[in-house]
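The primary structure of each chain is shown beneath.
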Amino acid sequence: MTLFKYCPMCGYSLLDNIEENLERPLCPNCSFVHYHNPAPAAGCVVFEKGKLLMVERAHPPYIGDWTIPAGFMEWDESPAQTAVRELKEETNLDVRITEIFEVYNGNDDPRTNAIMVLYFADVIGGVLEAADDAGQARFFALEDIPQNIAFESHRQAIADLKANHSHRFKIDAD
């Protein structure tokens, strides 16, 4: 399924074209091929005192549902830069990435399919405050994580955190 009827490079009508068993519309004038690829996204998994940072969506899609702070990459950003920027925009917190957590495919966003890179990160500054497209920003204990999680990739990430990183939900005694 293409979003374009006309070539974004020269304006000619795109032709239906099957390439490598996939629909890839082609411009007969300039040879532009429309590759409908997923959009890269990135976010930060942040724990504080054994609680996971999450944000409530204030804009479509899935208003009122919760997510791990994340968003789409800008043209001139790396995934890590995107993750740090998105977290700052949505929570007003400054973070330092410590390691990569996981990469997920998301195909339940009505805007696009996404490839989401999640990083573990530590808070190094700022004051928690919902901003940008977040209605709320809060830390949740394992047993209090909301049921209404916006995207399948975020639900999978939370399941993976519970299954493989439950130690992060424990409060250190020091």
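A few points on the structure.

Cut-off values and rules
Residues numbered from 1 in each chain as written. Predicted model: local features only at pLDDT ≥ 70, side-chain atom pairs only at ≥ 80, totals over all residues. Heavy atoms only, no water. Helix = DSSP H or I, 4+ residues; strand = E, 2+ residues; numbered from the N terminus. Phe/Tyr/Trp six-rings, centres within 6.5 Å; stacked < 30°, edge-to-face > 60°. Buried < 20%, exposed > 50% of the residue type's maximum accessible area, 1.4 Å probe, protein only. Lys NZ or Arg CZ within 6 Å of the ring centre and 35° of its normal. Pairing = 2+ DSSP bridges. Polar contact = N/O pair within 3.5 Å; in protein donor to acceptor, adjacent residues only side chain to side chain. Contact = heavy atoms within 4.5 Å. Expected span 1.5 Å × (residues − 1). Arc of directions from axis to C-beta.

Observations concerning unusual backbone geometry
Excluding glycine, residues mostly carry a negative phi; peptide bonds, for their part, are mostly trans.
Here's step 1: Residue Pro-61 is bonded to the preceding Pro-60 through a cis peptide linkage, with omega at -5°.
Here's step 2: Its place among the elements puts Pro-61 in the loop between strand E4 (51-57) and strand E5 (66-67).
Here's step 3: Positive phi values are uncommon outside glycine, yet Asn-21 reaches one of about 65°.
Here's step 4: Relative to the helices and strands, Asn-21 is located in the loop between strand E1 (18-19) and strand E2 (22-23).
Here's step 5: Positioned with a positive phi, Lys-49 is a non-glycine residue whose angle comes to about 50°.

Regarding the packing of aromatic side chains
Here's step 1: Under the criterion given, the structure shown has five aromatic pairs.
Here's step 2: Between the aromatic rings of Phe-47 and Phe-169, the centroid separation amounts to 4.8 Å while the plane-to-plane angle is 90°, which identifies the pairing as edge-to-face. Of this pair, Phe-47 sits in strand E3 (residues 39-48) while Phe-169 sits in the segment after helix H2 (152-164), placing them 122 residues apart in sequence.
Here's step 3: You can call Phe-47 buried: its relative accessible area is 16%.
Here's step 4: These aromatic residues form a ring-pair network of at least three members: Phe-101, Tyr-104 and Phe-120.
Here's step 5: Of note, Arg-168 hangs over the ring of Phe-120, and the distance from its end group to the ring centre comes to 3.5 Å.

Observations concerning the pairing of E3
Here's step 1: The buried fraction of E3 amounts to seven of the 10 residues, a majority that puts the element mostly inside the structure.
Here's step 2: Looking at chain direction, E3 and strand E8 (residues 114-126) are connected through eight bridges and run parallel. The partner of Ala-39 across the bridge, within E8, is Ala-114.
Here's step 3: Here E3 runs beside strand E6 (residues 70-72); their pairing, made up of three bridges, is antiparallel. Following the sheet pairing, Ala-41 is matched in E6 by Phe-72.
Here's step 4: What sits between the antiparallel neighbours E3 and E4 is a turn of two residues, in which Lys-49 has the positive phi angle 50°.

With respect to the side chain of Arg-85
Here's step 1: Summarising the element assignment, Arg-85 is placed in helix H1 (residues 79-91).
Here's step 2: At 3.1 Å, the side chain of Arg-85 and the backbone oxygen of Phe-72 are in polar contact.
Here's step 3: Arg-85 has contacts with Phe-72, Met-73, Glu-74 and Glu-77, leaving out every residue within four places of it along the chain.

Digging into H2
Here's step 1: Taking 1.5 Å of rise per residue, 13 residues should cover 18 Å, and H2 covers 18 Å from first to last C-alpha, within 8% of that figure.
Here's step 2: Looking only at H2, the buried set comprises Ser-153, His-154, Ala-157, Ile-158, Asp-160 and Leu-161. What you see down the axis of H2 is that its buried residues fit within an arc of 160°, all on one side.

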